[in-house]
Amino acid sequence: MESKTVSAIEILMGLFLIMIGFVFLWWSRQLLWILIYPPPFAKQLIESLPFVFWVLGALLAIDGVRRKLKENKT
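Criteria and cut-off values
- Residues numbered from 1 in each chain as written.
- Predicted model: local features only at pLDDT ≥ 70, side-chain atom pairs only at ≥ 80, totals over all residues.
- Heavy atoms only, no water.
- Helix = DSSP H or I, 4+ residues; strand = E, 2+ residues; numbered from the N terminus.
- Buried < 20%, exposed > 50% of the residue type's maximum accessible area, 1.4 Å probe, protein only.
- Lys, Arg positive; Asp, Glu negative; His and termini not counted.
- Salt bridge = Lys/Arg side-chain N within 4 Å of Asp/Glu carboxyl O.
- Polar contact = N/O pair within 3.5 Å; in protein donor to acceptor, adjacent residues only side chain to side chain.
- Contact = heavy atoms within 4.5 Å.
- Phe/Tyr/Trp six-rings, centres within 6.5 Å; stacked < 30°, edge-to-face > 60°.

1. Quick look at the side chain of Glu 71
Stage number 1. Structurally, Glu 71 can be placed in helix α2 (residues 41-73).
Stage number 2. The charged side chain of Glu 71 is buried without a salt bridge, its nearest counter-charge being Lys 68 at 4.6 Å.
Stage number 3. A polar side-chain atom of Glu 71 sits 3.4 Å from a polar atom in the side chain of Ser 7.
Stage number 4. When residues no more than four places from it in sequence are discounted, the contact partners of Glu 71 are Ser 3, Lys 4 and Ser 7.

Okay, structure coming up:
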């Protein structure tokens, strides 16, 4: 693939993953959990997924912007 398209795809995928993170955050707050102490592993996993998507999306977007800036310099 051409370098310009790779950087554009990385930026778009990064933004897409960030949006998925917001959807997971909204969804996880809508779930009604049975109050069991300690909370089940599934609840902890679902509540941490938005942060995973945000970090991955931010890393992809930052790398795409870095590639785009590197292309423009040369």
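2. Here we look at the packing of aromatic side chains
Each aromatic ring pair is characterised by the separation of its centres together with the angle its planes make.
Stage number 1. One pass over the full model with this rule turns up four aromatic pairs.
Stage number 2. Relative to Phe 53, the ring of Phe 24 lies with its centre 5.3 Å away and its plane at 10°, an arrangement referred to as stacked. Placement of Phe 24 in helix α1 (residues 3-30) and of Phe 53 in helix α2 is noted, with a sequence separation of 29 residues between them.
Stage number 3. A ring pair is formed by Phe 51 and Trp 54, whose centres lie 5.2 Å apart and whose planes are at 90°; its orientation type is edge-to-face. Taken together, the residues span about one helical turn, with Phe 51 and Trp 54 both in helix α2 at a distance of three residues.

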